[in-house]
Amino acid sequence: MFRHPSAPFRAAPEGREAPSVAPRKLLAAITMVSVMSLAAVSAVSTAPAGATPAPGGGAPGQAGATPAPGGGDSGPPAGNPLPVGAEAFGASVKLASLKRHLERLQKIADADGDTRAAATPGYDASLAYVAGRLRAAGYRVTSQEFKISFFREVAAPVLKRTRPAAKTYVPGTDFRTMTYSGSGNTTAPVQKVDLVLPPKQGVESTSGCEASDFSTFVRGNIALIQRGTCSFQDKAELAQAAGASGVIIFNEGQAGEGNADRRALLGGSVNTSTVRIPVVGTGFATGEELAAPGTRATLVVDAESAPDRRTRNLIAESRWGDPDRVVMLGAHLDSVMMGPGINDNGSGTAGILETALAAKSLRTANRLRFAFWGAEELGLLGSKHYVAALPPRERAKIKLYLNFDMIASPNYVFGIYDGDSSGAVSGATPPPGSGPIEKLFQAYFEAVGEPYQDAEFSGRSDYGPFIAVGIPSGGLFTGAERLKTAEEAEKFGGSAGVAYDKCYHQACDTIANINDKALEVNAGAIATAAFVYGYARDLPGPGALGVPSGPGGTEVPGKGAVVPGTPDTAGPRTGAGGLESGHDHEHGGLLR
């Protein structure tokens, strides 16, 4: 066990890796393990295709050869949580190389309207860059085209109160445009629609869910609707049918933790382009303010929707390993329309891309597959399309899926998806095998001497479609727009009362928005997991990695994956960059 250096990282000159600031004992440990790992790579470089490497230096099948990493039992022996070679391979992924990928993504955004959103030139250029690097490394690279309903804001939205006292609200702070909102410019009275003020604890509002809620609605007014039991789509369509010139949907108001907090800024989607009037979301305080008698407001949205745009996923697969035992790692490649998305999710993209490049010479026992998803910001569309298009036989070959979404937040925490449901209920039941994945990441952070905590396993990032079909999943997350607690600041450093990522879904999510330590530590975890599962004889499932299942164990008895299906569940403090109702990007979902 060794401790990861906690000193500030310094960028190395171009062409050189950043110098290590690790203590001498750490260098000695890495050197000794690296020799063994390099011997394994050397041994397999001349072995027959499909042969399993022998970390001890012997050829496969040779007398005295050491079993392959991770093979031979359910997991690493007690007292040695990671297989030989895993830590060294994780340490081989260097900060300087990761930053070069991010610099390239930043340059692409700079040249293409400051965005890398799906179905834009910036996204296509990002995909071409990643594909080129992977092809040059020898991977089989394919792209998968799918249709999306494209949405972008042509100009910044406007929400102003003109009466009783003038007030201008700030986009991204006080309100957000709902994805697929219609366009419009209206100044009109704000009319309340079946509001429950103050909100009743534990009782959800039905505001705007029935046509009868609009029986006295005055055509041309702006409808003020409370979040509640039906979808944003239903609320907006009923308001439009009643003659509303615009819709403001505000959060319901109940205090709580995580997705149970219904006070914060509300974002989401009306899902389709059938809504032709402007629709925005606000926090509870703003909505309560606009509910005052005699309120009049100006609401302006200038947006473009196109229901038949096309974009692509990128899939890269190793030429080695059992094709019937696929270990899959994924990250979404697209940004939101409002910014370059270098943390969200250039960071995850860089982490799995550099892992793939480092793994190009590993003749693993299992097949490694890397996915770069399109249109995650529009509602997990790329990963949903991929999983839905898989024939049952191909789906069964995927033994686990690992997801990496925002791994370098500037005011970071080290969050691990809660695969064993040890934290608060978060809306999804992890498939059997997800608990051991969490345990592997915990072993990594313990090995490098870094603290960690659970992140909600809500199904609201690209692992959601995988758990919906029962594929064990896990991953890492460093936080988004929610505020770091004093306890977390004590544990991880950084600033309490400040968002994990102040630039979440904003134009300032540039390369300056990256925490180098979080990026390097998490990238090491990604590479370590790829190594372990690439060679593992027993992939996640009951008993994997030495974790028992059933009574007395830590794995939760499975009833199959349950993905949140409750309408109107777009999480609080979500971004406006294309989140469907029921999707909050898993961001902010850290269990305390």
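Residues numbered from 1 in each chain as written. Predicted model: local features only at pLDDT ≥ 70, side-chain atom pairs only at ≥ 80, totals over all residues. Heavy atoms only, no water.

A closer look at the overall build of the chain
Right, on to step 1. On a plain count of helices and strands, the chain comes out with 13 helices and 14 strands.
Right, on to step 2. The burial tally for the chain puts 58% of its 592 residues in the buried class.
Right, on to step 3. At a minimum sequence separation of 6, the contacts of the chain that also span at least 24 residues come to 80%.
Right, on to step 4. In the structure as shown, the chain presents an accessible area of about 21,600 Å², 54% of it carried by carbon and sulfur atoms. (Helix = DSSP H or I, 4+ residues; strand = E, 2+ residues; numbered from the N terminus. Buried < 20%, exposed > 50% of the residue type's maximum accessible area, 1.4 Å probe, protein only. Contact = heavy atoms within 4.5 Å. Areas by Shrake-Rupley, 256 points an atom, 1.4 Å probe, with all protein chains shown as cover.)

Examining helix 10 (residues 434-447)
Right, on to step 1. With 14 residues, helix 10 should reach 20 Å at 1.5 Å per residue; the first-to-last C-alpha distance of 20 Å fits that figure.
Right, on to step 2. With 12 of 14 residues buried, helix 10 is to be regarded as a mostly interior element.
Right, on to step 3. Where helix 10 is concerned, the buried positions are S434, G435, P436, I437, E438, L440, F441, Q442, A443, Y444, F445 and A447.
Right, on to step 4. Taken together, the buried residues of helix 10 touch helix 2 (86-91), strand 11 (398-404), strand 12 (415-417), strand 13 (453-455), strand 14 (473-477) and helix 13 (516-535).
Right, on to step 5. Looking one or two residues beyond helix 10, the residue adopting positive phi is G449, at roughly 75 degrees. (Expected span 1.5 Å × (residues − 1).)

A closer look at the state of the cysteines
Right, on to step 1. Counted under the stated rule, the structure contains 2 disulfides.
Right, on to step 2. Here C209 pairs with C230 through a disulfide, and the sulfurs are 2.1 Å apart. Disulfide C209 to C230: torsion about the S-S bond roughly -90 degrees, handedness left-handed. Pair noted here: C209 is in the loop between strand 4 (184-193) and strand 5 (222-226) and C230 is in the loop between strand 5 and helix 5 (232-241), with a separation of 21 residues, a long-range link. The two residues C209 and C230 agree in class, both being buried.
Right, on to step 3. With its sulfur 2.1 Å from that of its partner, C503 forms a disulfide with C508. Between C503 and C508 the disulfide shows an S-S torsion of about -115 degrees. By sign, it is left-handed.
Right, on to step 4. Sequence-ordered numbering of the bonded cysteines in the chain gives a pairing of 1-2, 3-4. (Disulfide = S-S within 2.5 Å.)

Focus on the packing of aromatic side chains
Right, on to step 1. Tallying each qualifying case throughout the model produces 20 aromatic pairs.
Right, on to step 2. Pairing Y417 with F457 gives two aromatic rings, centres 6.3 Å apart and planes at 85 degrees, and the pair type is edge-to-face. A residue pair is termed long-range when its members are at least 10 positions apart, and Y417 in strand 12 and F457 in the loop between strand 13 and helix 11 (464-468) qualify at 40 residues.
Right, on to step 3. When the ring centre of F150 is taken as reference, the NZ or CZ atom of R309 above it lies at 4.1 Å. (Phe/Tyr/Trp six-rings, centres within 6.5 Å; stacked < 30°, edge-to-face > 60°. Lys NZ or Arg CZ within 6 Å of the ring centre and 35° of its normal.)

Let's talk about the pattern of salt bridges
Right, on to step 1. Tallying each qualifying case throughout the model produces 16 salt bridges.
Right, on to step 2. Here E252 makes a salt bridge to R262, at a shortest N to O gap of 2.9 Å. Of this pair, E252 sits in the loop between strand 6 (246-250) and strand 7 (279-282) while R262 sits in the loop between strand 6 and strand 7, and the two are 10 residues apart along the sequence. Comparing E252 with R262, the two get one shared label, buried. (Salt bridge = Lys/Arg side-chain N within 4 Å of Asp/Glu carboxyl O.)

A short note on the environment of V448
Right, on to step 1. Residue placement: V448 occurs in the loop between helix 10 and strand 13.
Right, on to step 2. Overall, V448 belongs to the buried group, its relative accessible area being 4%.
Right, on to step 3. When the C-alpha positions of V448 and V521 are compared, they lie 8.4 Å apart, and in sequence the two are 73 residues distant.

A look at the nonpolar core
Right, on to step 1. If you look at the biggest cluster of nonpolar residues, it comprises 71 residues, and the most contacted ones within it are L134 and Y533.
Right, on to step 2. Among the elements that make up this core, the one with the highest residue count is helix 13 (13 residues).
Right, on to step 3. Those residues within four positions of L134 in sequence are excluded, and the remaining contacts are Y139, V141, L314, A316, L353, A356, L357 and F372.
Right, on to step 4. Listed in part, the 48 residues of the second largest apolar core include V193, F217, L224 and A291. (Core = buried A, V, L, I, M, F, W, Y, C linked by side-chain atoms within 4.5 Å.)

So, the packing of helix 7 (residues 342-358) against helix 13
Right, on to step 1. At a minimum axis distance of 9 Å, the contact between helix 7 and helix 13 shows a crossing angle of 45 degrees. In terms of axis orientation, helix 7 runs oblique to helix 13. Judged by the twist between their axes, the crossing of helix 7 over helix 13 is right-handed. Counting all contacts with helix 7, which are made through S347, G351, I352 and T355, the residues of helix 13 involved are L519, A523, I526, A527 and A530.
Right, on to step 2. Across the contact of helix 7 with helix 13, the residue classes tally to 6 nonpolar, 3 polar and no charged. (Axes fitted to C-alpha atoms, helices over the stretch in contact; angles between N-to-C directions. Parallel < 35°, antiparallel > 145°, perpendicular 65-115°, else oblique. Left-handed = near helix turned anticlockwise from the far one by under 90°. Nonpolar A, V, L, I, M, F, W, Y, C, P; charged D, E, K, R; others polar.)

Some words on unusual backbone geometry
Right, on to step 1. With an omega of 10 degrees, the peptide bond running from R163 to P164 counts as cis.
Right, on to step 2. Within the element layout of this structure, P164 appears in the loop between strand 1 (140-163) and strand 2 (167-169).
Right, on to step 3. Phi at Y180 is positive, roughly 70 degrees, even though this residue is not glycine.
Right, on to step 4. Along the chain, Y180 turns up in the loop between strand 3 (175-177) and strand 4.
Right, on to step 5. Among the residues examined, Y180 registers a relative accessible area of 5% and is labelled buried.
Right, on to step 6. Its identity as a non-glycine residue notwithstanding, H505 has a phi of 60 degrees, on the positive side.
Right, on to step 7. Residue placement: H505 occurs in the loop between helix 12 (486-492) and helix 13.
Right, on to step 8. Overall, the relative accessible area of 6% leaves H505 in the buried class.

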